[in-house]
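Structural features, examined
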Amino acid sequence: MNKIRFLDVLKRFSPLMVIYGVLLVVASYEIRSQNQTSGRPIGIQTPLSPEFSRLLLQLDETSHEGNFLRGIEAFELYQETRGAQAAEYLQRSRHFFELALKVSKREDREELYYYYAIILILMREPPKTIDQAVRDWKSNFPRSQNKDPRIYISEKGLAP
Amino acid sequence: MFRNGYILSWREDMVWFVALPFLAFAAAHGCKIWLPAVAVASVTLWITVPHQFATWIRAYGFRDEFSQWKDRLLVGPIVIFGMSLLGLKYAPLTTFLLVTLWDHQHSLMQQYGFSRIYDFKGRSGAPSTGRFDLLLNWVLFIHLIVTAPLFTELWVREAYNWGIEIGKSGVETVHFVSWMMVTVYGAIYVYHVVKSLWNGYPVNPQKYIFLFASYFLWYSLAWQTNSFLVYAIGSKLMHGIQYIVIVFWYIRRKVERTQVRTGLLASVTRPGNVKGFILLSLCYAAVFNMVVGRGLEEFGFGVVNFTVPYDNIAELGLRSMTYVAGFDLYSAALIQSMGLIHYYFDSFIWKVRDVNIQKGL
């Protein structure tokens, strides 16, 4: 009797057990790989590799995501360099961001708006242009926990 | 050969199950043109959250159905909330994948469920049509996820996240296989329909009109836009509104047939009290939004925005609004759990073959 009752309970909860069983297996893989890849940016909001952004642009040369990631890559290079080379990276970053914005002006990707505003500040664009970029960021993502782009710049020690 | 059957009535089916996807398509594009990205959060607040509320009153509202699924209705939410909390903390990528995949599965199963109701109402289709319909929905939806540019980016990104660095030829191969799958299964499905007709089983044309409208929305949004915002808004509108409509009518019909005339369910679903039902759902959404600490901007589709242009002005010493990080974790877990519990309940409370459920249809 108890065995039948146990099997009945097992049957009723089987979908949930299968779902979370698979989840536990995949999660254990993720937890293990976190230690090996702690230096690599993980997550959907971060650039993964230059190969990935290039692949997206190979599949679709107007790819919003591909251009955004190329822009982020150039911005990271800008942060690591100084002088004329840095200015070139910044210009390249702006170029890719503007391509991404052209394709999808109201895309649901916050970083595109945020970093674009930062780039405009760093490139000493007129205040009106900067204000508009920051307003675009804030109006699309009012709950953003990112700091004001100007504070970001001062904290990172980036000079406009 | 053809036998029409409607879920509600000819007129109401036209509105909710045929025209709605096209209206959702227009609304999604309208949001993209005129509203900021926060609009998707507003649609979630005013449509998705109330549709989850509809699940709660549908699942917990009838004594007989509550007894039927008592253990799952009590244990399920506890397990799901606990696992969401642990998942977000220790394996966020896996948890994100679970929510995304279950969400997609839930969406296609809803459309499959409606197609089953159409056959139930029209007394149409062969005994095996249910299985063929299920596979048809899976094939069409998987094909959408695999080949649409919007989703190709997503699964390629996830593949990279998991260390599978697929190249351009790899992506093209996957696309080709998917197209082959659709072609082959399409032929098999047409053969099944013709064979069913040959054997004297009628076809309900309304089912196919409904499926066409649903997949028109998904395919056109995923292929014609490169915006998750547009896809999410269109998809949420169709899914949420159709669900609320079927729950409202299910409760109302069941109340009428089982002569349960007292209580909240009878009150909010009695003829002429649609406003009461909607109001109750919206109150739930508003309270839920406040409980999880979401912003007031989400109430107004971003049109009313309290944080523009700045919420922090360094020159004046005004700091940005901050949230308690720990509370955010619980909020995120609660938001995800509500969706997952809704998916879970729907996987067993809508079996058309169940005589008890047929009373409400």
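Residues numbered from 1 in each chain as written. Chains lettered and ligands numbered in written order. Predicted model: local features only at pLDDT ≥ 70, side-chain atom pairs only at ≥ 80, totals over all residues.

Looking at the overall build of chain A
- Each helix and strand counted, chain A has seven helices and zero strands in total.
- Counted from the first residue to the last, chain A has its helices and strands arranged as α-α-α-α-α-α-α.
- Across the 160 residues that make up chain A, the buried fraction comes to 34%. (Helix = DSSP H or I, 4+ residues; strand = E, 2+ residues; numbered from the N terminus. Buried ≥ 20, exposed ≤ 12 C-beta atoms within 10 Å, placed from the backbone.)

Re the overall build of chain B
- Scanning chain B from terminus to terminus reveals 14 helices and zero strands.
- Counting across all 361 residues of chain B, residues that qualify as buried make up 39%.
- For chain B, the proportion of contacts with a sequence separation of at least 24, taken over those separated by at least 6, is 80%. (Contact = placed C-beta atoms within 7 Å.)

Remarks on helix 5 (residues 92-122) of chain B
- Here helix 5 of chain B contains 31 residues, and its C-alpha end-to-end distance of 45 Å stays within 8% of the 45 Å for a straight helix at 1.5 Å per residue.
- Once helix 5 of chain B finishes, Arg-123 of chain B follows within two positions and takes phi at roughly 45 degrees, a positive value. (Expected span 1.5 Å × (residues − 1).)

Structural notes on the confidence of the model for chain B
Residues and elements named next belong to chain B.
- Averaged over all residues, the pLDDT of chain B is 86; the fraction at 70 or higher stands at 90%.
- Counted against residues more than four places away or in other chains, residues 309-326, with its pLDDT under 50, gives 21 contacts.
- Under the prediction, the complex receives an ipTM of 0.72, its pTM being 0.81. (pLDDT = per-residue confidence, 0-100.)

Observations concerning the environment of Ile-278 of chain B
- Checked against the element boundaries, Ile-278 of chain B lands in helix 12 (residues 274-291).
- Residue classification places Ile-278 of chain B among the partly exposed residues on the basis of 14 C-beta atoms within 10 Å.

Comments concerning the nonpolar core
- Judged by nonpolar contacts, the single largest core of 92 residues is most densely connected at Phe-97, Tyr-115, Tyr-116 and Ala-117 of chain A together with Ala-39 and Ile-233 of chain B.
- The leading source of residues in this core is helix 10 (residues 228-258) of chain B, at 17 residues.
- In this view, Phe-97 of chain A contacts Phe-68, Gly-71, Leu-112, Tyr-115, Tyr-116 and Ile-119 of chain A; residues no more than four positions away in its chain are not counted.
- Counting 10 residues, the second largest nonpolar core, distinct from the first, contains Ile-80, Leu-340, Tyr-343 and Phe-345 of chain B. (Core = buried A, V, L, I, M, F, W, Y, C linked by C-beta atoms within 7 Å.)

Some points on helix 9 (residues 205-224) of chain B
Residues and elements named next belong to chain B.
- The terminal C-alpha atoms of helix 9 lie 27 Å apart, and with 20 residues this matches the ideal 28 Å at 1.5 Å per residue to within 8%.
- When we look at burial in helix 9, the residues that qualify are Gln-206, Lys-207, Phe-210, Leu-211, Ser-214, Leu-217, Trp-218, Leu-221 and Ala-222.
- Residues of helix 9 that are buried make contact with helix 1 (10-34), helix 5, helix 6 (129-147), helix 7 (149-161) and helix 10.

With respect to the packing of helix 1 of chain B against helix 9 of chain B
All names here are of chain B.
- At a minimum axis separation of 10 Å, helix 1 and helix 9 run at an interaxial angle of 10 degrees. When the interaxial angle is binned, helix 1 and helix 9 end up roughly parallel. Of the residues in helix 9, those in contact with Asp-13, Phe-17, Val-18, Pro-21, Phe-22, Ala-24, Phe-25 and Ala-28 of helix 1 are Gln-206, Ile-209, Phe-210, Ala-213, Ser-214, Phe-216, Leu-217, Ser-220 and Leu-221.
- Looking at the contact of helix 1 with helix 9 residue by residue, the classes come out as 13 nonpolar, three polar and one charged. (Axes fitted to C-alpha atoms, helices over the stretch in contact; angles between N-to-C directions. Parallel < 35°, antiparallel > 145°, perpendicular 65-115°, else oblique. Nonpolar A, V, L, I, M, F, W, Y, C, P; charged D, E, K, R; others polar.)

Thoughts on the packing of helix 9 of chain B against helix 10 of chain B
Residue and element names in this part refer to chain B.
- One way to put it is that helix 9 packs onto helix 10 with a least axis distance of 9 Å and a crossing angle of 170 degrees. Compared by their axis directions, helix 9 and helix 10 come out roughly antiparallel. Here Ser-214, Leu-217, Trp-218, Leu-221 and Ala-222 of helix 9 lie close against helix 10, whose contacting residues are Val-230, Tyr-231, Gly-234, Ser-235 and Met-238.
- A breakdown of the residues in the contact of helix 9 with helix 10 according to their chemical character gives seven nonpolar, three polar and no charged.

Comments concerning unusual backbone geometry
- In the Ramachandran plot, Arg-124 of chain A falls in the positive-phi region, its phi being about 55 degrees despite a non-glycine side chain.
- A count of 9 C-beta atoms within 10 Å places Arg-124 of chain A in the exposed class.

Overview of the environment of Ile-209 of chain B
- Assignment of secondary structure puts Ile-209 of chain B in helix 9.
- The spacing of Ile-209 of chain B and Trp-138 of chain B is 71 residues in sequence and 18 Å in space, taken between C-alpha atoms.

Brief notes about the environment of Ser-178 of chain B
Residue and element names in this part refer to chain B.
- As for its position among the elements, Ser-178 is in helix 8 (residues 168-198).
- We classify Ser-178 as partly exposed; it has 17 C-beta atoms within 10 Å.
- Residues Ser-178 and Val-139 lie 39 residues apart in sequence; the distance between their C-alpha atoms is 8.6 Å.
- Apart from residues no more than four positions distant in its own chain, Ser-178 is found in contact with His-143, Val-146 and Thr-147.

As for the confidence of the model for chain A
All names here are of chain A.
- Per-residue confidence for chain A gives a mean pLDDT of 80, with 84% of residues at or over 70.
- Predicted confidence in chain A is weakest over helix 7 (residues 149-156), with a mean pLDDT of 80, and strongest over helix 5 (residues 110-122), with 90.
- Below pLDDT 50 for its whole length, residues 37-47 participates in 12 contacts with residues either more than four positions away or in separate chains.

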